[in-house]
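Breakdown of the fold
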Amino acid sequence: MVKILVFDVIVIGAGAAGMMCAATAGQRGRRVLLIDHAAKLGEKIRISGGGRCNFTNVHCSPERFLSRNPHFCRSALARYTPRDFIALVEKHGIAYHEKKLGQLFCDDSSERIIDMLRAECDAGSVTWRMPCAVEAVARDDEGFLVSTSRGQYRGASLVIATGGLSIPKIGATPFGYRLAEQFGLRIVPPRAGLVPLAFDVNEMKLYGDLAGVSLDVAVSCNGGRFRENLLFTHRGLSGPAILQISSYWQPGDALHIDLLPDASAEALLFEQRRSRALPATLLSEYWPRRFAQQWCAAVGATQPVDQCNDACLREFAARLHDWTVKPTGSVGYAKAEVTLGGIDTDELSSKTMEAKAVPGLYFIGEVVDVTGHLGGFNFQWAWASGHAAGQAL
Ligand SMILES: Cc1cc2nc3c(=O)[nH]c(=O)nc-3n(C[C@H](O)[C@H](O)[C@H](O)COP(=O)(O)OP(=O)(O)OC[C@H]3O[C@@H](n4cnc5c(N)ncnc54)[C@H](O)[C@@H]3O)c2cc1C
């Protein structure tokens, strides 16, 4: 007869949220099994933050997250804060620094965060199975039966921490969404977030050769507004400002880009009312010269300032504060840092992450319809939601 190993908790997905949850439950005395199909632990943590893992943000607040229910994340975030995670990092002697805007990074490497989470799981006597493919999940009166490539396991509770669809080449799968559907739970349609956006053919002709050029802008779309750098790429636009706004952008929408966020374009142009300089020459003081020349040519601002009439100068000033660009799409999950959408938060308890209709089934981390801004917020959600479930199991 096949022996079925029995646990209090089975966690599927040993990423940021899964390890936090397993460690928390294990240290509370629960017998925990942690399963992942990948051969290498914590790949997404490893590549995060350019290899240094932007593990939290000291300015974390619910306003930094997108979700169909913007209040859902409040409870978990309030009960496990950046301070709590920083205390853990300090307990493990990991050196870190603030880069900008409250973003905390490891001094050394993301590997330190993976080692820390593994050690925390070991402190909770967590049992590991990886690589281990999950073949089927069934539920009966005793809990959940998980059939895998390495045998069958029974758990009173089951936690799904398999993340979103971003970066399939390091192991992202739609497992969490399929499992939710199996149990009749609703999904907010997933889409790529924190992702570069593509230009159309005409804009590629105008700006395609500016790849590598960056400038400081304020970009707005659908109620989001971000003041950061924009970067031209071989396919369109990227840089922190564009990654941030991509989470607000929907196909067909235009981005509104303020190219002079710190100045009044009208005041600037009218101060130079009698100047023979070309607009591109004036704007080169604010922007990289190549961009100034190509952008002014593209919008037809090619006459010296003293030859423009007032109406024309006003119209040009307005365009400087509202360059309207219509991306054709995002570059997709292969380059997206996160997946928006996921398990509909109406289906879950905001205190414990347990499915209201399926006692014992929990969803944590990125698989849930809670997505942070760029800057350490997505990891903070993984820690906080993993901790909330780990405390409740
Ligand atoms: C390039 C990049 C850089 C990033 N940098 C940052 C950053 O600096 N700061 C920040 O806050 N956020 C960053 N993020 C986002 C952050 O990595 C994620 O939001 C976070 O890892 C989500 O945690 P999670 O545990 O929910 O999912 P993940 O960390 O993705 O873990 C999911 C786990 O589930 C496993 N899995 C998937 N499918 C299955 C299956 N079918 N069976 C078994 N196991 C499965 C995967 O192998 C993986 O180990 C970055 C993302 C990317 C792609």
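A brief look at the structure comes next.

**Section: the overall build of the protein chain**
Broken down by element type, the protein chain carries 13 helices and 21 strands. Expressed as lengths along the three principal axes of its C-alpha atoms, the size of the protein chain is roughly 90 × 40 × 35 Å. Across the 393 residues of the protein chain, 55% fall into the buried class. If you take every contact in the protein chain between residues at least 6 apart in sequence, the share linking residues at least 24 apart comes to 72%. Of the roughly 16,800 Å² of accessible surface on the protein chain, a fraction of 50% belongs to carbon and sulfur atoms. Between the centroid of the 41 positive side chains of the protein chain and the centroid of its 40 negative side chains there is a distance of 2 Å.

**Details of the environment of aspartate 107**
Within the fold, aspartate 107 resides in the loop between β6 (103-106) and α5 (111-123). When the C-alpha positions of aspartate 107 and cysteine 53 are compared, they lie 9.4 Å apart, and in sequence the two are 54 residues distant. The contact partners of aspartate 107, leaving out residues within four places of it in the chain, are Arg52, Ala95, Tyr96 and His97. Here the side chain of aspartate 107 touches histidine 97 through a polar contact of 2.7 Å, side chain to side chain.

**Some thoughts on the site of the ligand**
In the vicinity of the ligand there are 30 residues, among which Ala17, Asp36, Thr173, Glu366 and Phe379 approach most closely. Interatomic distance of 2.6 Å between a side-chain N/O atom of threonine 173 and a nitrogen atom of the ligand. Residue phenylalanine 379 places a main-chain N or O atom 2.8 Å away from an oxygen atom belonging to the ligand. For the ligand, whose accessible area on its own is 1,000 Å², the fraction buried by protein is 91%. Of all the secondary structure elements, the ones that give two or more residues to the shell around the ligand are α1 (16-27), α2 (43-47) and α13 (377-392). The element best represented in the shell around the ligand is α13, accounting for four residues.

**With respect to the sheet that holds β6**
The strand order across the open sheet formed by three strands is β3-β6-β5, and the pairing between neighbours is antiparallel. Strands with a single pairing partner mark the edges of an open sheet, and in this sheet they are β3 (54-57) and β5 (96-98). Each neighbouring strand pair of the sheet contributes to a mean axis angle of 25°, computed without reference to strand direction. Sheet analysis places β3 next to β6, joined by three bridges and oriented antiparallel. Residue pairing across strands places threonine 56 opposite leucine 104, the latter belonging to β6. Contacts between helix α4 (residues 82-91) and the sheet are confined to β3, β5 and β6, with β3 contributing the most and set at about 140° to the helix.

**Regarding unusual backbone geometry**
The omega angle of the peptide bond from methionine 130 to proline 131 is 0°, so this bond is cis rather than trans. With respect to the helices and strands, the residue proline 131 is situated in the loop between β7 (127-129) and β8 (134-140). For leucine 101, which is not glycine, the phi dihedral falls at a positive 50°. Mapped onto the fold, leucine 101 is located in the loop between β5 and β6. Judged by its relative accessible area of 51%, leucine 101 is exposed.

**Structural notes on the pairing of strand β10 (residues 151-160)**
When you tally the buried positions in β10, you get seven out of 10 residues, the bulk of the element. Sheet topology note: the strand β1 (residues 5-12)/β10 ladder contains seven bridges and is parallel. Along β10, the bridge assignment pairs leucine 5 with tyrosine 153. Between strand β9 (residues 143-148) and β10, which pair antiparallel one after the other, the connecting turn spans two residues.

**As for the pattern of salt bridges**
For the coordinates displayed, the defined rule picks out 15 salt bridges. Two residues, arginine 74 and glutamate 63, come together in a salt bridge whose shortest N-O distance is 3.5 Å. Of this pair, arginine 74 sits in helix α3 (residues 74-79) while glutamate 63 is found in the loop between β3 and β4 (65-66), placing the two residues 11 residues apart along the sequence. The shortest N-O distance in the salt bridge between glutamate 181 and arginine 178 comes to 3.2 Å. One end of the pair, glutamate 181, and the other, arginine 178, are both in helix α6 (residues 175-182), three residues apart, so they sit about a helical turn from each other.

**Here we look at the environment of histidine 256**
For histidine 256, the position within the fold is in strand β16 (residues 255-258). The class for histidine 256 is partly exposed, based on a relative accessible area of 33%. Along the primary structure histidine 256 and tryptophan 323 are separated by 67 residues, whereas in three dimensions their C-alpha atoms are 5.7 Å apart. A polar atom in the side chain of histidine 256 sits 2.8 Å from the side chain of aspartate 322.

**Topic: the packing of aromatic side chains**
According to the stated counting rule, one finds 20 aromatic pairs in the structure shown. Residues tyrosine 207 and phenylalanine 291 carry aromatic rings whose centres are separated by 6.4 Å and whose planes lie at 40° to one another, so their mutual orientation is tilted. On the criterion of sequence distance, the pair formed by tyrosine 207 in helix α7 (residues 201-207) and phenylalanine 291 in helix α11 (residues 289-298) is long-range, its members being 84 residues apart. Side by side, tyrosine 207 and phenylalanine 291 carry an identical accessibility label, which is buried. Through pairs of rings, three or more aromatic residues link up here, namely Phe199, Tyr207, Phe232, Trp287, Phe291, Trp295, Phe316 and Trp323. When the ring centre of phenylalanine 105 is taken as origin, the NZ or CZ atom of lysine 99, which lies over that ring, is 4.8 Å away.

**Quick word on the sheet that holds strand β18 (residues 329-330)**
What the seven strands build is an open sheet, ordered β17-β16-β13-β14-β15-β12-β18; its pairing is antiparallel. Of all the strands in the sheet, the pair left with one neighbour each is β17 (323-325) and β18. Pairing between strand β14 (residues 224-232) and strand β15 (residues 236-238): two bridges, direction antiparallel. Residue pairing across strands places leucine 231 opposite serine 238, the latter belonging to β15.

Rules used throughout
Residues numbered from 1 in each chain as written. Predicted model: local features only at pLDDT ≥ 70, side-chain atom pairs only at ≥ 80, totals over all residues. Heavy atoms only, no water. Helix = DSSP H or I, 4+ residues; strand = E, 2+ residues; numbered from the N terminus. Buried < 20%, exposed > 50% of the residue type's maximum accessible area, 1.4 Å probe, protein only. Contact = heavy atoms within 4.5 Å. Areas by Shrake-Rupley, 256 points an atom, 1.4 Å probe, with all protein chains shown as cover. Lys, Arg positive; Asp, Glu negative; His and termini not counted. Charge placed at Lys NZ, Arg CZ, Asp CG, Glu CD. Polar contact = N/O pair within 3.5 Å; in protein donor to acceptor, adjacent residues only side chain to side chain. Near = heavy atom within 4 Å. Pairing = 2+ DSSP bridges. Axes fitted to C-alpha atoms, helices over the stretch in contact; angles between N-to-C directions. Salt bridge = Lys/Arg side-chain N within 4 Å of Asp/Glu carboxyl O. Phe/Tyr/Trp six-rings, centres within 6.5 Å; stacked < 30°, edge-to-face > 60°. Lys NZ or Arg CZ within 6 Å of the ring centre and 35° of its normal.

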